[in-house]
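# Structural description and commentary
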Amino acid sequence: MKQATRAAVLQAPRRFNIVDRPAPVAAAGEAVVRISSTAVCHTDLSIFTGEHPGVKYPVVLGHESTGIIENTGEGVTGLKNGQHVIINPIISCGHCDSCKRGEQQLCRNAGLFGREVEGSMCEFVHLPVKYLHALPDSVSLADATIIETLATVRHAQIRLGIKPGESVVVLGQGTTGLLHTRLAVQAGATVIAVSRTKWKLDMAARMGAQHVLDISAE
């Protein structure tokens, strides 16, 4: 592994610098990941424009990320060099009441990878292996960046308990809305997709929505 790497550092709103820095080293229980793909979501955009509250600059963005294991630290099992992984971006404290219940996603002291913790707009990152999940070879590293968003949609639909034959209205057909549409269709629901954008409604129809409603029409 080379001794220096590059990172895209957001020094202030709307001002990126490409900087050189020492290559990360995996400590015990950690792995170094060569970043392959990073998706950009609205959180990243709001940090970039300075509209996201409480962000301390400079910051390295990127939290919907995949990569390849470069090397591992002492005591790491279950992951090997060259393995494709996706990064869990919720960096939990491990000692609050939520963490102790096994609900790290509700950690009272959590930081977001790419906001409170330096993210993936760089060549390499190092993280505890508990935040790394192996990907099957059948899923490309670029496509897998959507899994983090898909997981939140799946969690919401499990909580709703959608049953076959029920009617589901999905308001808005952006990325999250389209995922809701597709998963609700797969759950056997009759889906009514609502948007003001024709091409998004066309995508919703291709994803199986039985009814589409353009709210900008008369």
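Higher on the page you've got the structure.
Description of the structure in this document. All values derive from a computational prediction rather than experimental measurement. (Residues numbered from 1 in each chain as written. Predicted model: local features only at pLDDT ≥ 70, side-chain atom pairs only at ≥ 80, totals over all residues. Heavy atoms only, no water.)

## Quick look at the packing of helix 3 (residues 147-160) against helix 4 (residues 175-186)
Defined as follows: For helices, the axis comes from a line fit to the C-alpha atoms of the stretch in contact; other axes are also lines fit to C-alpha atoms, and the angle between any two N-to-C directions lies between 0 and 180 degrees. In this description a helix means any DSSP run of H or I spanning at least four residues, a strand means any run of E spanning at least two, and both kinds are numbered starting from the N terminus. An angle below 35 degrees is read as roughly parallel, one above 145 as roughly antiparallel, one from 65 to 115 as roughly perpendicular, and any other as oblique. In this scheme, a crossing is called left-handed if the near helix is turned counterclockwise away from the far one by less than a right angle; it is called right-handed if the turn is clockwise. Any two residues whose heavy atoms approach within 4.5 Å at even a single point are treated as in contact. Put simply, Ala, Val, Leu, Ile, Met, Phe, Trp, Tyr, Cys and Pro go in the nonpolar bin, Asp, Glu, Lys and Arg in the charged bin, and everything else, Gly too, in the polar bin.
Two elements in contact, helix 3 and helix 4, have axes whose closest approach is 10 Å; the angle formed by their N-to-C orientations is 50°. The pairing of helix 3 with helix 4 is recorded here as oblique in orientation. In terms of crossing hand, the pair formed by helix 3 and helix 4 is right-handed. Within the contact between the two elements, helix 3 uses Thr149, Leu150, Val153, Arg154, Ala156 and Gln157 and helix 4 uses Thr176, Leu179, His180, Leu183 and Ala184. The residue inventory of the contact of helix 3 with helix 4, partitioned by class, reads six nonpolar, four polar and one charged.

## Some points on the environment of Leu213
As a reminder, the rule being used: Only protein chains enter the area calculation, which uses a 1.4 Å probe; residues under 20% of their type maximum are buried, those over 50% are exposed, and those in between are partly exposed.
Within the element layout of this structure, Leu213 appears in strand 12 (residues 211-214). The exposure class of Leu213 is partly exposed, given its relative accessible area of 44%. Taking C-alpha positions, Leu213 is 6.1 Å from Ala193, a pair spaced 20 residues apart along the chain.

## Structural notes on helix 3
Convention followed: Under the convention used throughout, the expected extent of a helix is 1.5 Å for every residue step, that is, one less than its residue count. Here the arc refers to the set of directions running from the helix axis out to each C-beta atom.
Helix length check: helix 3 (14 residues) gives 20 Å between terminal C-alpha atoms against 20 Å at 1.5 Å per residue, within 8%. Regarding helix 3, the residues found buried are Thr149, Val153 and Gln157. Burial along helix 3 is one-sided: seen end-on, the buried residues are contained in an arc of 70°. The exposed residues of helix 3 that point more than 90 degrees off its buried face are Ile158 and Arg159. Contact partners of the buried residues in helix 3: strand 4 (64-72) and helix 4.

## Quick word on the sheet that holds strand 10 (residues 167-171)
We apply this condition: By the convention used here, strands pair only if DSSP detects at least 2 bridges between them.
Read across the sheet, three strands follow the order 10-11-12 without closing on themselves; strand pairing throughout is parallel. Among the strands making up the open sheet, the edge pair consists of strand 10 and strand 12. Across the sheet, the axes of successive neighbouring strands diverge by a mean angle of 20°, strand direction being ignored. Across the face of the sheet, helix 5 (residues 198-206) comes into contact with strand 11 (190-195) and strand 12 while running at roughly 165° to strand 11.

## Details of the environment of Cys93
Within the secondary structure, Cys93 sits in the loop between strand 6 (90-91) and helix 2 (97-100). For Cys93, a relative accessible area of 24% gives the class partly exposed. Distance in space between the C-alpha atoms of Cys93 and Val129 is 15 Å, their sequence separation being 36 residues. For Cys93, the residues in contact, after removing those within four places along its chain, are Cys99, Cys107 and Asn109.

## Notes on the sheet that holds strand 4
Pairing is antiparallel in the open sheet, where five strands are placed in the order 8-3-4-5-9. Edge positions in the sheet fall to strand 8 (124-128) and strand 9 (132-134), since each has one partner strand and no second. Going across the sheet, the axis of each strand differs from the next one's by a mean of 45°, ignoring polarity. The pairing of strand 3 (residues 30-39) with strand 4 spans eight bridges and is antiparallel. The partner of Ser37 across the bridge, within strand 4, is Thr66.

## Focus on the nonpolar core
Filter applied, for reference: By convention a nonpolar core is built from buried Ala, Val, Leu, Ile, Met, Phe, Trp, Tyr and Cys residues, the set being connected through side-chain atoms within 4.5 Å.
With 17 residues, the main nonpolar core has Val33, Ile69, Ile87, Val125, Leu127 and Leu132 as its most contacted residues. Of all elements in the fold, only strand 1 (4-12), strand 3, strand 5 (84-87) and strand 8 reach the threshold of two or more residues within this core. Counting residues per element, this core draws most heavily on strand 3, which supplies three residues. Setting aside residues up to four positions removed in sequence, Val125 forms contacts with Pro24, Ala31, Val32, Val33, Ile35, Ile87, Phe113, Gly119 and Ser120.

## Focus: the pattern of salt bridges
Counted only if it meets this: A carboxyl oxygen of Asp or Glu within 4 Å of a side-chain nitrogen of Lys or Arg is what we treat as a salt bridge.
Following the criterion strictly, the structure yields seven salt bridges and no others. Across the salt bridge formed by Arg115 and Glu116, the nearest N and O atoms sit 2.9 Å from each other. Here Asp202 ties to Lys198 by a salt bridge, and the two come within 3.0 Å at their closest N and O atoms. With Asp202 and Lys198 both in helix 5 and four residues apart, the pair spans about one turn of that helix.

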